[in-house]
Structure formats: structure tokens, C-alpha cells
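As a plain string of letters, each chain reads:
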Amino acid sequence: MRRLHFKLTLEPGLEAVVRLAQLHQYATDLVDGERVLIGPALRERMVLNFPAREPGDVLNSLLGEGPVGWTLSGQEQGGSLVVISTEGPGVSFSAIGRILEQVAPEAFLKPIAYEPIPGNSLTAHSKALH
């Protein structure tokens, strides 16, 4: 999968934001080598989605190896909008899609804005599309 640099603006709802924040914390703890805890809302969602698997195993397969490659922040304009921005090496769009599908499927109920972030990961063809 090709790592890209982009921002997604979405409106997943409060519960989904909590799960996304818990996932980001889990991923950060993994890379930092700190004690890894799975937040209660995230654990509950993973157990619901994958009752026969350990939640940590599911999350590890969603995140892959290395730095998480994205951050989560609130939209400056207020409201319930959330922004997922890639950072560092970036992340593939499909990886973020899989994460949203499993952790915050509510995000797909409302429009999602995709904005490429200029950088080395954009080809001339992808720049022409935006």
C-alpha cells in the first residue's frame, strides 16, 4: 500500500470519536513502548465485531507496524467535525478506511471531505485530480 499525505474531515459522532481517540492512544503507546491499554469503548467495539479474537490482536492487524502515521483533532470551526491528518511517513487511504470501518463505521453515514496535503507522495496525476 502506498503511503499518502492527506486530511479527512468527518462527522462520526461522539462515541466514534472516543473510540478513534482510544485507538490513536493505543497505537502511540505501542510505538513508544509504554504499557499498552485498550480503552473500554474501543475494547467493547472489538469484542462486538470479533468475538472469537483478542481485541489487541485485531487492533494490531488494523494498525500494522511502525508509527501510526496519522493524528486526530477537532475542527477549528467547532461542532462535531473531526480531522484525521497524516503525518511523518503518512498512511494509505485504504488503511484509514479499514480503521473507520471497524472502529467508527458511523463516520460513513455523513459526507467525508478528502484533502490531499502537498508533499512528495503526490504524483502529477494525483495532483491533477484535485
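**Student:** Give a description of the packing of aromatic side chains that names residues and reports values.
**Tutor:** Any pair of aromatic rings gets described here by the distance separating the centres and the angle formed by the planes. Scanning the model with the defined rule gives three aromatic pairs in all. Of the aromatic side chains, those joined through ring pairs into one cluster are Phe6, Phe93 and Tyr114.

**Student:** Talk me through helix 2 (residues 40-49); I want residue IDs and the actual numbers.
**Tutor:** Among the residues of helix 2, Leu42, Arg45 and Met46 are the ones counted as buried. For helix 2, the angular spread of the buried residues around the axis is 95°, confining them to a single face. Turned more than 90 degrees away from the buried face of helix 2, the exposed residues are Pro40, Glu44 and Leu48. Lining the buried residues of helix 2 we find helix 1 (14-32), helix 3 (55-63) and helix 4 (93-103).

**Student:** Provide a residue-level description of the packing of helix 2 against helix 3, including the pertinent values.
**Tutor:** The geometry of helix 2 relative to helix 3 is characterised by a closest axis approach of 9 Å and an angle of 90° between their N-to-C directions. Our classification of the angle between helix 2 and helix 3 gives roughly perpendicular. On helix 3, the residues that touch Leu42, Arg43, Met46 and Val47 of helix 2 are Pro55, Val58 and Leu59. Of the residues belonging to the contact of helix 2 with helix 3, the class tally is six nonpolar, no polar and one charged.

The rules behind these values
Residues numbered from 1 in each chain as written. Predicted model: local features only at pLDDT ≥ 70, side-chain atom pairs only at ≥ 80, totals over all residues. Heavy atoms only, no water. Phe/Tyr/Trp six-rings, centres within 6.5 Å; stacked < 30°, edge-to-face > 60°. Buried < 20%, exposed > 50% of the residue type's maximum accessible area, 1.4 Å probe, protein only. Helix = DSSP H or I, 4+ residues; strand = E, 2+ residues; numbered from the N terminus. Arc of directions from axis to C-beta. Contact = heavy atoms within 4.5 Å. Axes fitted to C-alpha atoms, helices over the stretch in contact; angles between N-to-C directions. Parallel < 35°, antiparallel > 145°, perpendicular 65-115°, else oblique. Nonpolar A, V, L, I, M, F, W, Y, C, P; charged D, E, K, R; others polar.

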